[in-house]
Every structure is written in C-alpha cells, then in structure tokens.
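Chain residues, written in single-letter form:
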Amino acid sequence: MNCKNCNHDLNSFMFLKGFNYCPYCGLEINTEKKEKEEKKSPSAYIVNNSSDLTLSLGNLVSFNVFDTNFELIKCFAGKFLMGSPDDEIGRFKNEALHEVIIKKDFYIGKYPVTQDQYKALMEYNPSKFKGPNNPVDSVDWDHAKEFCYRLNEATQNIRPAGYLFDLPTEAQWEYACRANTNTSLNNGNNISKYINESLRRGINKNLYYGYRPNCPYLDEVGWYDFNSNKETHPVGKKKPNNWGIYDMHGNVLEWCRDYYWENYLPENADPDTTTNPNERKYAWNKVCRGGSFDDEPRYCRSAFRYYTCAGAGTACGFRIALICSDKFVKF
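Everything quoted here is computed from the prediction, not taken from an experiment.

(A) Focus on the pairing of strand β10 (residues 253-260). Burial within β10 is extensive, with eight of its eight residues counted as buried. In this sheet, strand β13 (residues 316-317) lies alongside β10 in parallel orientation, the contact comprising two bridges. Across the sheet, the residue bridging to E254 is G317, located in β13.

(B) Broad picture of the environment of A303. Relative to the helices and strands, A303 resides in the loop between β11 (282-289) and β12 (305-309). For A303, a relative accessible area of 0% puts it in the buried group. Beyond its immediate stretch of four places on either side in the chain, A303 contacts G83, S84, E88, E95, E174, R178 and R289.

(C) Region of the structure containing the nonpolar core. In this structure, F147, F318 and I320 are the most contacted members of the largest nonpolar core, which totals 36 residues. Contributions of two or more residues to this core are made by β2 (60-65), β3 (68-75), α2 (115-122), α3 (141-154), β7 (163-166) and β10. A total of seven residues in this core trace back to one element, the largest contributor, which is α3. The residues touching F318, leaving out its near neighbours within four places in the chain, are P112, V113, Y118, V136, V139, A144, F147, L167, L253, E254 and W255. Of all hydrophobic cores here, the second largest spans 21 residues; its members include M82, I102, I245 and C256.

(D) Highlighting unusual backbone geometry. One non-glycine residue, S138, lies in the positive phi region at around 60 degrees. Looking at where S138 falls in the secondary structure, it is placed in the loop between α2 and α3. For A179, which is not glycine, the phi dihedral falls at a positive 50 degrees. Looking at the element boundaries, A179 is found in the loop between α4 (170-178) and α5 (193-201). The exposure class of A179 is buried, given its relative accessible area of 0%.

(E) Expanded view of the packing of aromatic side chains. Taken as a whole and judged by the stated rule, the model has 18 aromatic pairs. Measuring from ring centre to ring centre gives 5.9 Å for Y149 and F328, while their planes differ by 40 degrees; the resulting arrangement is tilted. On the criterion of sequence distance, the pair formed by Y149 in helix α3 and F328 in the segment after β14 (321-324) is long-range, its members being 179 residues apart. Comparing Y149 with F328, the two get one shared label, buried. The interplanar angle of 70 degrees and the centroid separation of 5.3 Å between the aromatic rings of Y175 and W243 together place this pair among those described as edge-to-face. Here W243 lies in the loop between β8 (222-223) and β9 (249-250) and Y175 lies in helix α4, a separation of 68 residues in the sequence. A residue is classified by how much of its surface remains accessible, and Y175, at 6% relative accessible area, is buried. Accessibility expressed as a relative area gives 22% for W243, which makes it partly exposed. Ring pairs connect the aromatic residues F70, Y118, Y124, F147 and F318, which therefore count as one cluster. Sitting over the ring of F328, K145 keeps its end group 4.5 Å from the ring centre.

(F) Representation of the pattern of salt bridges in the model. Counted according to the given criterion, the structure contains 13 salt bridges. Linking D86 and R91 is a salt bridge whose minimum nitrogen-to-oxygen distance equals 3.6 Å. Looking at D86, the relative accessible area reads 70%, which means it is exposed. Taking relative accessible area as the criterion, R91 reaches 22% and is therefore assigned partly exposed. The closest approach of N and O atoms between R178 and E174, which form a salt bridge, is 2.9 Å. Taken together, the residues span about one helical turn, with R178 and E174 both in helix α4 at a distance of four residues. Taken as a pair, R178 and E174 share a single burial class, namely buried. Through salt bridges with shared partners, a single network forms among E170, E174, R178, R289 and R305.

Basis of the calculations
Residues numbered from 1 in each chain as written. Predicted model: local features only at pLDDT ≥ 70, side-chain atom pairs only at ≥ 80, totals over all residues. Heavy atoms only, no water. Buried < 20%, exposed > 50% of the residue type's maximum accessible area, 1.4 Å probe, protein only. Helix = DSSP H or I, 4+ residues; strand = E, 2+ residues; numbered from the N terminus. Pairing = 2+ DSSP bridges. Contact = heavy atoms within 4.5 Å. Core = buried A, V, L, I, M, F, W, Y, C linked by side-chain atoms within 4.5 Å. Phe/Tyr/Trp six-rings, centres within 6.5 Å; stacked < 30°, edge-to-face > 60°. Lys NZ or Arg CZ within 6 Å of the ring centre and 35° of its normal. Salt bridge = Lys/Arg side-chain N within 4 Å of Asp/Glu carboxyl O.

So, in structure tokens, the structure goes:
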C-alpha cells in the first residue's frame, strides 16, 4: 500500500501491526483496516504500567512488542573514568584514561538482543549459531539501526515523550558495562597476569597458534574463546554486573552508535551524541564493544575498543538503549 499523504510505498513496513505513521512524511496512515487491527490486538505495551509514562519506574522497565518482552535497566546520569590505566593488563594504546560526564539518564538492554526479539521485528534470523535466547549474531550496523527504527515505530503509542530506542553511544556502553567499577572486568577483577606475561614472553609460534589462555575471573561473567566451545550461548547465564546487566563481556560484540575516533571523541564533544562523520579520520568505521565468544580475555575487557566497517561479522550483535532524544538519526 502507499501513503495517502505522500504516496510513498509502505509495503515493507506492513508487517508491523502497530505501524500507524508514515516514516517519510510523519502523518498518520488513516485506513479502516489498520484501525480495526489496532482495536483487536495492540502490538506493543509497557509492562510496568504508569499513568504518565515518564519512566520513573525504578531501575527496570519492560516493553512487550509482538508478544516478545524487552527488559531495560536504568542508568542514572553521572561521571566515570573511561578507558584504562597505563598498567592495565592487555591494554591497547587507544584506551586513554579520561573522565566522561553522562549528562542524562538512559536505559540499556538487560541482555543483548536475542534471536527471538530480532525475528519479531525483522522477520528473519541471520544468526550462524541458532537458539531463540542466544544473542542474534551476524548483524551489520545498518541492520542494528534498522531494528531500533522499527522498534520505535512499533512502540510509538507507548514510548514516553522525548525517548527513543537506539544503539548506545560508546560512552553509554562503557558506563553501563562498568557499573561503578574501574577494573578490567565489571565484577571488580582484572584479567590474569599470566595472559599478559604469556603474550609478552612470546610463546613459541608453533605452540601459540590456536593457543587460548584461561581467565577464571572472566569465566564468572562472560563467554569467551576458552569456555564458549566457539559458539554463542543463551543470554543471562553468567553473573550480571552491579546494575543487573548481563553479557557485557563476551558472547557477541556489540555495535555502538558512534563512528570510531582513535582517541575517543574530540575534546569538549558530547559523549551522548554522534557528531558529523565527515570530521573523522576513520569515517566509515563503527565502534564495537565487549568482545565475543571467539576472543581472548584481553579483548573482552570493559575498556577494549574494536572498530570495523559496518559489515556483519559472525561475532557481531547489539543491545538496545532507550535514550532521551526527540530525533532518530538513521545513517
């Protein structure tokens, strides 16, 4: 069908049962069929009911979309040290330690987006490692953004004014991951010295190829190459961080909203926004965080920064954020 106002083709959005507004002109799609469907069966609703929907609902909020539940944890505004100290084991040079101020409260997914959740909105499952509660994998950045866009469309009648679903910024991701910790893992521990010493020592190349060190502290909170059997696992099976957020170490790499800056955002830039990509040296590289099932412990640290073009690697997934914003930038 076409929009009666601007005549754009809307067929690709028609599976969204709660789809009532044209994404091109923003005006209501006023068809009898859609109105009847909405009256019969609302597609989305907020589980933690609130009369004014201001999200003053405590630390957890749940949305139900197409009979699929999304849980998000509230992260209060504050400041933290982003990056890693010079002596952190496994550190890379693009992790300069600096203070960041998170100016506004936001919500972040309690878990990475699962395959069931992804399929509910996107109608297919791209994952290599199948499992309804496994994190969706093999997702490129553009499709992660498309998922957030569709989630906004499906929840337009229940989202509080001024809030939108999007990918978290890199600063929001690390703030939520750390949850008031300053160690390399969010359970208050650092990765084992043995790993760093082994790498520095230079294990015989013939022995090192395929060698995977163990990290007991990481075993508590994440799936990585030593304990994952080279595949993803259902979300929520490891310990959460102090704020009740799961799987931020390992399982799948998680896309962030930002383009990549080698030394983070420029001085005085707002870490809660994404600035003009044309200003960046690495204009087409997007940030991924958290490491994956296929990574060594050093790549699963809170401060580790991975970047790549927006293509879909097997290890790439994402988690959603609900941010205080009135404009969704889809690029």
